[in-house]
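The chain contents come next:
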Amino acid sequence: MLSTLQPPRSLTLLPFRRFHGSKTIASLASSSPTLDASSVSPPQSQILTTRRSLLSGETTASEIAKSYLSRIRLTEPQLKCFLHVSENVLKEAQEIDQRISRGEGVGPLAGVVIGVKDNICTEGMPSTAASRILEHYRPPFDATAVKKIKEMGGIVVGKTNMDEFGMGSTTEASAFQVTANPWDLTRVPGGSSGGSAAAVAANQCMVSLGSDTGGSVRQPASFCGVVGLKPTYGRVSRFGLMAYASSLDVIGCFGSTVADAGMLLHAVSGYDRFDSTSSKQDVPEFESQSLSMDSFESKPLKGVRVGLIRETLEEGVDSGVRSATQEAASHLEALGCLVTEVSLPSFSLGLPAYYVIASSESSSNLSRYDGVRYGNQVMADELNKLYECSRGQGFGGEVKMRILMGTYALSAGYYDAYYKRAQQVRTLIRKDFKAALDHNDILISPAAPSAAYKIGEKKDDPLAMYAGDIMTVNVNLAGLPAIVLPCGLVEGGPSGLPVGLQMIGAAFDEETLLKVGHIFEQTLKGSGFVPPTLPNVA
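Residues numbered from 1 in each chain as written. Predicted model: local features only at pLDDT ≥ 70, side-chain atom pairs only at ≥ 80, totals over all residues. Heavy atoms only, no water.

A closer look at the sheet that holds strand S11 (residues 497-505)
Condition: A pair of strands is treated as paired once DSSP finds two or more bridges between them. Strands here are runs of E lasting at least two residues and helices are runs of H or I lasting at least four, both read from the DSSP assignment and numbered beginning at the N terminus. Axes, fitted as lines to C-alpha atoms, cover a helix only where it is in contact. Angles between the N-to-C directions of the axes lie from 0 to 180 degrees.
One open sheet holds the eleven strands; their spatial order is S1-S3-S2-S4-S6-S5-S10-S11-S9-S7-S8, and the pairing between them is mixed. Looking along the sheet, the strands with just one partner apiece sit at the ends: strand S1 (82-85) and strand S8 (338-342). Taking the axes of each pair of neighbouring strands and ignoring which way they run, one obtains an average angle of 30 degrees across the sheet. For strand S5 (residues 227-230) and strand S6 (residues 250-255), the ladder comprises three bridges, and the chain directions are antiparallel. In the strand pairing of S6, Gly228 is matched with Phe254.

Pasting the structure below:
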């Protein structure tokens, strides 16, 4: 009865033949018994499937919840996606069943099992930002995004692992555990929202919330072969999101399909009086962009102008990623898009500017965790010693390094040389994006320079790890929306590793991104990006 909630357990076959040199997906298929592209149908929305199943009586919310809890128990020892699993999942599911049995209405997310990143506050549930300094902290309130999810019937299954306070690109900077990539358990899932991405990829939850400061939703989406949606800055309230860099942070969405990511975004979007940066812009009905394939024309994206960012395919990008991106552009052309190459002259300046701004803002935001106002306290005989020990023992190495970098950049004599100049670069980046989007409906690029790499491979080389964010940080500096969705596989792991295509839109134009992304996703041959390494649960 629950089989409709489980995505097909196979890899994908793209309509293009050129991948990672001469190795194609077809040749990967010949060596992998799990790859059967001919049997794979386009990915279906788990949210809509769940709703239909519940309202028709085909299944119950309790049965759905038990299925996902069973899968978490089975796979969590290998993956370590969750820092905490809620004790109230079955109770909340039973309440939904009771409402349905009484003939009462239920919300659009009724029965949908949702993971929440551990830096997003959940009432009565541990919310630690994967840091020792907040170990055992249970907020007395829900973040606005979480509150909206619960009001619509969503079931928060647990809190997902992350890099401490969102500072990292691998989820290795968590104070508690290292999450593995479901496609290859020896590789990272990306970060900092690696737990949320891996949980969706491994079908431990239907959708999940993450946060994106410089690519922390989009890069792990690429590494784990799922859809990652970063909204426009201000589209979703940040109230209840633990601040890293306040002018860059946004709450984002993960799903196995573009439709699911769009519906979750619709649920959490809207103005919030508790967040002075939240926008009063109207929230469109994003679900309307998820048309069925039967309604597609022969050229369903005819006339859509797409700009392929030249600088994202230059030196430093793996050949397989470059090929997959170029083939994705060809697929968009086949769908009717007008694809041209565009240049963003300030593109290479984004990475250093981002790390100056983000580190500076984090040094200010994290000053509250001193063992007195917030955070676990280490007793000492003298106040300065209390601060030193509480922060020294509470923060991990990556967080300490970024606090020091930010404090230095903001110090007297260096402010103009670093922080002020970084803000000037930010203005240039915004202008370049505006110029490009004045002539294009969306821009495309790889989501990351490579596919997922080995656990520990870059842990001791922070500069190499930071360089991996080059594709994503500019979008945060400009405050624009972007979506990442799987577009192919490259060599690596048991049966290949996923590669994500990033689509960038104009401010508050998530509608266009979701429309183009949905059609792109639905028209891929065998587009069921599901890891082959983990057992299924019926």
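Focus on the environment of Leu90
Just so we agree on the cut-off: A simple rule labels every residue: compare its accessible area, found with a 1.4 Å probe on the protein chains alone, to the largest value its type can have, and call it buried under 20%, exposed over 50%, or partly exposed in between. The contact definition used throughout considers only heavy atoms, calling two residues in contact when any of these lie within 4.5 Å.
Relative to the helices and strands, Leu90 resides in helix H4 (residues 89-101). You can call Leu90 partly exposed: its relative accessible area is 31%. Considered as a pair, Leu90 and Val157 are 67 residues apart in the sequence and their alpha carbons are 9.5 Å apart. Leu90 has contacts with Ser62, Ala65, Lys66 and Leu69, leaving out every residue within four places of it along the chain.

Describing empty space enclosed by the protein
Going by this rule: Only protein atoms enter the 1 Å grid, on which a cavity is a set of points fitting a 1.4 Å probe that cannot get out and a pocket is an open set with protein on both sides within 12 Å along at least 5 of 7 lines, lining residues being those with an atom within 4 Å of a point. Grid points are joined across faces, edges and corners, and a volume is the space filled by probe spheres set on the points. By the convention adopted, Pro, Cys, Tyr, Trp, Phe, Met, Ile, Leu, Val and Ala count as nonpolar, Lys, Arg, Asp and Glu as charged, and the other residues, Gly among them, as polar.
What the rule picks out here adds up to three cavities of 30 Å³ or more. Space inside the largest cavity adds up to approximately 90 Å³. As for the largest cavity, its lining consists of 14 residues, of which Gly168, Ser169, Ser216, Tyr354 and Asp469 are closest to the centre. When its residues are assigned to classes, the lining of the largest cavity shows four nonpolar, eight polar and two charged. Reported here for the second largest cavity is a volume of approximately 50 Å³. The wall of the second largest cavity is formed by Lys117, Asn119, Phe165, Gly166, Ser192, Ser211, Thr213, Ser216, Leu241, Met242, Tyr244 and Asp249. Broken down by class, the residue content of the lining of the second largest cavity amounts to four nonpolar, six polar and two charged.

Thoughts on the pairing of strand S3 (residues 155-160)
Among the six residues of S3, six are classified as buried, and the element is accordingly described as predominantly covered. With three bridges joining them, S1 and S3 adopt antiparallel strand pairing. Bridge pairing in S3 places Phe82 opposite Thr160. Relative to S3, strand S2 (residues 113-117) is paired through five bridges, and the arrangement is parallel. Along S3, the bridge assignment pairs Val113 with Ile155.

Considerations on the pattern of salt bridges
Here is the rule: A pairing counts as a salt bridge when a side-chain nitrogen of Lys or Arg comes within 4 Å of a carboxyl oxygen of Asp or Glu.
Across all of its chains, the model carries 15 salt bridges by this definition. A salt bridge links Asp142 to Lys150, with the nearest nitrogen and oxygen atoms 3.1 Å apart. One salt bridge connects Arg187 with Asp184, and the closest N-O pair in it is separated by 2.9 Å. No difference in accessibility class separates Arg187 from Asp184, as the two residues are buried. Via salt bridges that share partners, Arg99, Arg102 and Glu104 belong to a single interconnected network.

A short note on the environment of Ile96
Tracing the chain through its elements places Ile96 in helix H4. Overall, the relative accessible area of 8% leaves Ile96 in the buried class. Residues Ile96 and Leu54, spaced 42 residues apart in sequence, show a C-alpha to C-alpha distance of 9.5 Å.

Points about the confidence of the model for the chain
The line we're drawing: The score called pLDDT rates the predictor's confidence residue by residue, from a low of 0 to a high of 100.
Scored by pLDDT, the chain has a mean of 90; 89% of the residues are at 70 or more. For the stretch residues 1-39, pLDDT sits under 50, and the model shows 105 contacts to residues farther than four places along the chain or on other chains.

Re helix H11 (residues 383-394)
Filter applied, for reference: Helix span is expected to be 1.5 Å times the residue number reduced by one.
If you check H11, its first and last C-alpha atoms are 16 Å apart, about what twelve residues at 1.5 Å a residue would give, namely 16 Å. Among all positions of H11, only Leu386, Cys389, Ser390, Arg391 and Gly394 are buried. Tucked inside the fold, the buried residues of H11 contact helix H12 (397-410).

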